[in-house]
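Here's the letter readout for the chains.
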Amino acid sequence: MEHMLGKINLKSVYFWLIVLVFVLFPFVIDSRPMTILLTQIFIFAILAMSYDILLGYTGIVSFGHAMFFGFGAYATSVMLKNIDSSLTVFFLSIIVGMVIAGIVSFLIGLLTLRLQSHFFAMFTLAVSGLFLVLAEKWRSLTQGNDGFTFRAPEIFSDRINFYLFVLFCLVLVFLLLRLFVNSPFGKVLIAVKENETRTKALGYKTIYYKVVSSVDAGVAASLAGSLYVVSLRFVNTSMMAIDVTLNALLMTIIGGVGTLVGPIVGAAIIELAKHNLSILAKTYPIFERWIIFFGIIYILAVIFFPKGVVGTLKEKWEGRKMVRQQAMKQKEDAA
Amino acid sequence: MELLINLTINGLSTGMLIFLLASGLTLIFGLMHVLNFAHGGLFAWGAYAGVWFYSITSSFTVALIGAIIVGALLGFITERLIIRPVYGDVVPQILITLGFMLVISEMLKVVWGPNQIAATVPPALSGSWEIGDVLIIKYRLFIILMGFLVFGIFYYILKRTKIGLIVRAGVINNEMVQALGINIKRVFLLVFMTGAALAALGGALMAPYSGVIYAEMGMDFAILAFIVVVIGGMGSFPGSLFAAILVGLAGSYMAYYVPDLSLAVNMIIMVLVLIFRPQGLFAVKG
Amino acid sequence: MTILLEINDTHTYIEQYHILQGVSFQAKKGEVSVLLGRNGAGKTTTLRTIMGLNPASKGEIIFNGVDITKKPTYEIANMKIGYVPEDQAIFNGLTVEENLRVAMRKEDEAAMERQEYVLNLFPDLKKFWKKDGGYLSGGQKQMLAMARAFVNEAELLLIDEPSKGLAPIIVEKVMEALVEMKKETTIVLVEQNFYMASQIGDTYTLIDDGKTIQSGLMSELIHDNELQHRYLGIG
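Residues numbered from 1 in each chain as written. Chains lettered and ligands numbered in written order. Predicted model: local features only at pLDDT ≥ 70, side-chain atom pairs only at ≥ 80, totals over all residues.

*Asks:* Outline the sheet that holds strand E5 (residues 66-67) of chain C, supporting the account with residue identities and numerical values.
*Replies:* Residues and elements named next belong to chain C. Pairing is antiparallel across the open sheet formed by four strands, whose spatial order is E2-E1-E4-E5. Because the sheet does not close on itself, it has two edges, and the strands there are strand E2 (17-28) and E5. Each of strand E1 (3-14), E2 and strand E4 (58-63) touches helix H1 (residues 43-51); the most contacted strand, E2, lies at about 75° to it. (Pairing = 2+ DSSP bridges. Helix = DSSP H or I, 4+ residues; strand = E, 2+ residues; numbered from the N terminus. Contact = placed C-beta atoms within 7 Å. Axes fitted to C-alpha atoms, helices over the stretch in contact; angles between N-to-C directions.)

This is the structure:
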């Protein structure tokens, strides 16, 4: 028991150390592009983690994550533009985006989550497609695909402030989601993923668990959208397009589903790769079609590498631990 | 009256294009529980192939046949490379077909460039007829006829031939069909290729109708097709025709009378179906 | 008599559950071998494993001297093995005629004669020839499922609880048909109804907790009250 406690503490010491490194990072390395890139990675890490709650912990596939991202994106940019660019309005807009995302994901979940998983995937794809068209048509509010620029709260004009705020959000979301998946509630979610019929037979109302999970994921995705538009000070309909969903999927799968840390690692890998590919594309135009590369990597990952980077490492690590424990036990037995 | 007829023709022709996409989707799902999210990509490939064949041969017949062949070949590749490795695993299957959708849509840009391409109606089908006060655009009527023709042919195959019977039985219970000595995977490959060919035909017919083609067109139409599959009932061939016409007509009327609702109307129909009849209007499995 | 089907120490998993943990038995040509055991003992899974629907992870299944353990279901069926599942698996929505046609490998004259012969075993089916299979009664469904398995020449029939849920008078009819079918083919029968099992069975195999307990002649089991009591809850 004591041994285990020590281990947990060690884990959290590592965790806070890593956080500290990232807090200090912009003060040590004074590189504006690097700060911006890291900010992007953090934002997408939030999005990918929210996706992991669905795919990795509840075992449901949503193709509508871009829609929730878009709710946050539009709530924040519209309010910052039309009311004022104060910090209060910014926080308020985050809440508005989350509420909209929460309501929509609740309704979608209620309607389709009791059906086969195909329905949810299809339904979310259709609904998010319709919301995308809505955003394109409602030009008076969104200015469609041209989009619009707006002013971010004054305090964020210093990139480092915004970087720190996003990092804070990432840590907060990570801790909350970890708390969520490690709670008794989260254990039921994993049981739903493993075998829904059996979980149902044990007397759990699985639909309730699935809906709560999908609302959680939607709300977190909306936060990512709010942060993303502030980082760009610009919004357009591409933020609701299917590419955003695919991004989240790719990051989650490459990083490792059902691990929460995986999506963060995945976000870093994908964003860095994109960043470098866009540099390469300047000399080799073929790299402008980076979706092809990512798409192929993604397909191969689904077939051959379903556990992702973190999942695979974890498996290796745990395998080694088991071997070690067995060896120790054998020694004890021998003694 | 004139208006009503024209709106109906518009709605029917859009409905038929959706039907060509949705009918394949519904049979593929019905037979093997595979929901092919790459289906819209096959539609877009059909459109590009059709325009390309037309531009080099100036024959619309060749263009349509070319599109069908390209669709069937792509269907073969998709089934072998994408569906089969994750066969029977629902989540990876959904994930992988969506990934493939993006790859093949992007490939269109590599082959034909990233910009929109104009498509023209062949001379024999361009223009319109004037019947009294009513102006009927020939090409739209042609699409409607093609839609009914395809429906008729496949309805006959499903109802009257042995392979059709096996497909219908497979949709109801694919395990039992195998236990009766039928290699369902081979049947499925055939159905998949046929579905892909129909989607490609739909794309090739769509191109002159809309006048331009672009790589993302597949996704837009696929969303309508998914709505149709939900409404019609997964696995039902007649259901997909009925629902496609319903969605096409509703969109056409609403766009004129209540434009603000035209988007929402498909959504509303789908939600109503999911609440009151989640198995779809023409449920196959009891 | 020659051995038609031989199952050696077969293990089968369904998902993570270890359902069959060593089932072995033999079916001799021309005989009716009955699988007996409590609910959940693994009888249905044994038949499904033979058909390749739940493939065995260990052990071997030899049919007519050919190892069919790893063969796909359709190939197994095409070796002239007919299968009547527990829930009959009638194609609801297809007519009685169509249900039979799905199974028929050919539709030539000989095949039609065969169909006629099979229909004479189940005369009720002719009455509902164009009726939707889903609307048949339980007994009619059972007969349709048996006819469907028998409409091609079969060397072996696997029949899963044909008497389940049927009225006694219908059970009689099913038994009559089975006796008739037995003249031509070998049958592996899963049956809970001990009266029926003892009437038409030649040999029995007792399965409990996924393992074979004992095999022997039906005539011996009829007199072994203790065994009946322990594993079948009779007497």
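From this point, the narrative continues.
*Asks:* How would you sum up the interface of chain C and chain B? Please name residues and give values.
*Replies:* Of the residues lining the interface, 19 residues belong to chain C; the matching set on chain B comes to 17 residues. In the side of chain C that touches chain B, the residues fall into 11 nonpolar, five polar and three charged. (Nonpolar A, V, L, I, M, F, W, Y, C, P; charged D, E, K, R; others polar.)

*Asks:* Just give me the short version of the domain arrangement of chain A, but keep the residues and values in it.
*Replies:* Residues and elements named next belong to chain A. On domain assignment, one finds that chain A holds domain 1 (37-304) and domain 2 (309-335). Taking only C-alpha atoms into account, the centre of domain 1 sits 36 Å from that of domain 2. On the domain 2 side, the residues contacting the eight residues of domain 1 number four residues. Residue assignment for the side of domain 1 that touches domain 2 shows that the elements contributing at least two residues are helix H11 (242-255) and helix H12 (261-283). Of all the elements, H12 adds the most residues to the side of domain 1 that touches domain 2, at three residues. (Domains from an automatic or database assignment.)

*Asks:* Tell me about the sheet that holds strand E7 (residues 156-160) of chain C, and please be specific about residues and values.
*Replies:* All names here are of chain C. In space, the six strands of this open sheet follow the order E6-E7-E8-E3-E9-E10, with mixed pairing throughout. Both edges of this open sheet fall to strand E6 (81-84) and strand E10 (211-217), since each of them pairs with a single strand only. Between one strand axis and the next, the sheet turns by 15° as a mean value, whatever way the strands run. Pairing of strand E3 (residues 32-36) with strand E9 (residues 203-208) involves four bridges; the strand directions are parallel. Note that in E9 the partner of Leu-35 across the bridge is Thr-205. Along the sheet face, H1 touches E3, E6, E7, strand E8 (186-190) and E9 and points at about 145° away from the line of E7.

*Asks:* Give a description of the nonpolar core that names residues and reports values.
*Replies:* Generally speaking, soluble globular proteins have nonpolar side chains that are buried together. Ile46(A), Ile18(B), Ala200(B), Ala225(B), Val228(B) and Leu158(C) are the most contacted members of the largest nonpolar core, which totals 264 residues. When residues in this core are grouped by element, the largest group, 16 residues, is from helix H8 (residues 184-210) of chain B. Discounting chain neighbours no more than four positions away, the residues touching Ile46(A) are Cys169(A), Leu170(A), Val173(A), Ala220(A), Leu223(A) and Ala224(A). (Core = buried A, V, L, I, M, F, W, Y, C linked by C-beta atoms within 7 Å. Buried ≥ 20, exposed ≤ 12 C-beta atoms within 10 Å, placed from the backbone.)

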